[in-house]
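Architecture and fold: a report
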Amino acid sequence: MSTQKAELSPDLIINEFKKQGVTHIVWLPDSETNFLYLLMEQEPSLTLVPVSREGHAFSTAAGLSTGGAKPVILIQNTGLMESGDSLRGWCMGMNIPVVLMIGYRGYTRHGRNADTAATYTEPFLNAFNVKYYLVESNDDADRISWAFEDAEKIQNPVAVLIGDEFHGFN
Amino acid sequence: MIDTLEMFKIFNKYRGNSIVLSGRGGRHWQSVSEQPDLDIALGDPAMGGHSSFALGLALSRPNEKVIQFDSEGDVLMGLGALPTIADKMPNNFYHFMLDNGVYGTTGGQPVPNAENIAYDMIARGSGYPNTYAFDNIEDFASSIEEILALEGPVFIALKIIPEVTNVPIGQRVKWQTRTRDQIISDFKNRIGVNN
């Protein structure tokens, strides 16, 4: 008997960006997101803005949003934790309705967590009072849409934790 | 060394309809600017991110000049932003940096290696095609028109006279006449952004 593994398709994420009118992806890549990078690069409606430290993603997104663009931040949970003051000052403090796509390094639903990056991710978001959704497979696609809706509603950042333990984000 | 207010008076002659991020020079720029609804005086949302914010603004407003007056303390805290700016190469971005050599709002302690850093060389090495450094108002005055006629990104380091604040934050005289929210709202109304 074969086991059906749930997957999170990169096409689904790109299509969601297009549906939401996203203009810029502000991101810092890691090796696990390379397959998403290739699709983003090929999508003419998206402009990639590569940063060298995750905190810069928040200030860059704030500038983009202030000028009328619609950015998304795509970083790993490790970089999110590095970025606390930038999240606070540039996005929360300036009421920027941006979705944070966070690679949930170390996340496991069925195994035993062995990575402190995963241990502290949700406590970190809770400490900043940032709402978040966990997305593990294509069945969770609606949650990405909800994150965009919520960000617009509260005019503040909302996070999507990419917890795909099967496909390649982590 | 350059007097910030005098520098702003000269710059203002060439400002046109540019968007101006006045940074740590905001107090002086406020007394000079004739288009406050195109001025973005943010205070300090979080140190180290001002040039990234300006980059985002420049990318989202490609048909308008975005002129930032950064500070050396902020640039040092976010040096990694310079390669990103050079990577995106916004031709409408003019990155001025006010260098007083000290952390002026915390009592005037020197920034690391204050006397020996060549910020224009750091910007050039990061990929900015045009960089300048001025330590006197005369050279700045004779070059500013030419600089603003170039395609960005351009980096301009200015050695300015330190103006040190050494009183507790709660006791400082507030020079801002608008809140940050009002500034952003006025700006968005001016440029027609409704997000």
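One can find the structure itself at the top, above this paragraph.
Owing to the predicted nature of the structure, the values given are computational and were not obtained by experimental measurement.

Parameters and conventions
Residues numbered from 1 in each chain as written. Chains lettered and ligands numbered in written order. Predicted model: local features only at pLDDT ≥ 70, side-chain atom pairs only at ≥ 80, totals over all residues. Heavy atoms only, no water. Core = buried A, V, L, I, M, F, W, Y, C linked by side-chain atoms within 4.5 Å. Buried < 20%, exposed > 50% of the residue type's maximum accessible area, 1.4 Å probe, protein only. Helix = DSSP H or I, 4+ residues; strand = E, 2+ residues; numbered from the N terminus. Contact = heavy atoms within 4.5 Å. 1 Å grid on protein atoms, 1.4 Å probe; cavity = no way out; pocket = protein on both sides within 12 Å on 5 of 7 lines; lining within 4 Å. Points joined across faces, edges and corners; volume = space filled by probe spheres on them. Nonpolar A, V, L, I, M, F, W, Y, C, P; charged D, E, K, R; others polar. Buried area = accessible area lost by both parts, 1.4 Å probe. Salt bridge = Lys/Arg side-chain N within 4 Å of Asp/Glu carboxyl O. Polar contact = N/O pair within 3.5 Å; in protein donor to acceptor, adjacent residues only side chain to side chain. Expected span 1.5 Å × (residues − 1). Pairing = 2+ DSSP bridges. Axes fitted to C-alpha atoms, helices over the stretch in contact; angles between N-to-C directions.

**Concerning the nonpolar core**
Ranked by internal contacts, the top residues of the largest apolar core, which has 62 residues, are Phe58(A), Leu100(A), Ile40(B) and Phe53(B). Of the residues forming this core, the biggest block, six residues, is contributed by helix α3 (residues 50-60) of chain B. Each residue touching Phe58(A), except ones within four places of it in the same chain, is listed here: Ile73(A), Ile75(A), Leu80(A), Ser83(A), Ser86(A), Leu87(A), Trp90(A), Cys91(A) and Leu100(A).

**Regarding the layout of surface pockets**
Residue and element names in this part refer to chain B. Taken as a whole, the largest pocket spans an internal volume of roughly 1300 Å³. Around the largest pocket, the lining comprises 41 residues; the ones closest to its centre are Arg24, Thr105, Arg172, Trp175 and Gln176. Of all the secondary structure elements, the ones that give two or more residues to the lining of the largest pocket are α2 (26-32), α3, β3 (66-71), α4 (72-77) and β5 (102-103). By residue number, the principal contributor to the lining of the largest pocket is β3, which donates four residues. Grouping the amino acids of the lining of the largest pocket by side-chain chemistry returns 16 nonpolar, 16 polar and nine charged.

**Some details on the interface of chain B and chain A**
Facing 29 residues of chain B, the contacting portion of chain A comprises 26 residues. Both sides of the chain B and chain A interface together cover about 1900 Å² of buried area, and 61% of this is carbon and sulfur. Three residues, Pro45(B), Phe53(B) and Asn195(B), lead the burial of chain B against chain A; their summed loss comes to 25% of the area buried on that side. In this structure, the connection of chain B to chain A is made through zero salt bridges. At the junction of chain B with chain A, the criterion picks out eight residue pairs in polar contact (both at pLDDT 80 or more). Elements with a minimum of two residues in the side of chain B that touches chain A: α3, α5 (81-88) and α8 (180-191) of chain B.

**Observations concerning helix α7 (residues 137-149) of chain B**
All names here are of chain B. Spanning 13 residues, α7 covers 19 Å between terminal C-alpha atoms, matching the ideal 18 Å at 1.5 Å per step. Among the residues of α7, those classed as buried are Phe140, Ser143, Ile144, Ile147 and Leu148. Buried residues belonging to α7 abut α1 (4-12), β3, β4 (93-99), β7 (130-134) and β8 (154-159). In this structure asparagine 136 caps α7, since a side-chain oxygen of it lies 3.2 Å from the backbone nitrogen of glutamate 138.

**A closer look at the sheet that holds strand β1 (residues 24-27) of chain A**
Residues and elements named next belong to chain A. An order of β2-β1-β3-β4-β6-β5 is seen for the six strands of this open sheet, with the pairing classed as parallel. Single-partner strands in this sheet number two, and they are β2 (47-50) and β5 (132-135). Along the sheet, successive strands turn relative to each other by an average axial angle of 20 degrees, direction set aside. Strand direction decides the pairing type here: β1 and strand β3 (residues 71-76), joined by four bridges, are parallel. Looking at β3, one finds that valine 26 is bridged to isoleucine 73.

Honestly, that's just the spatial picture; any functional story needs more than this.
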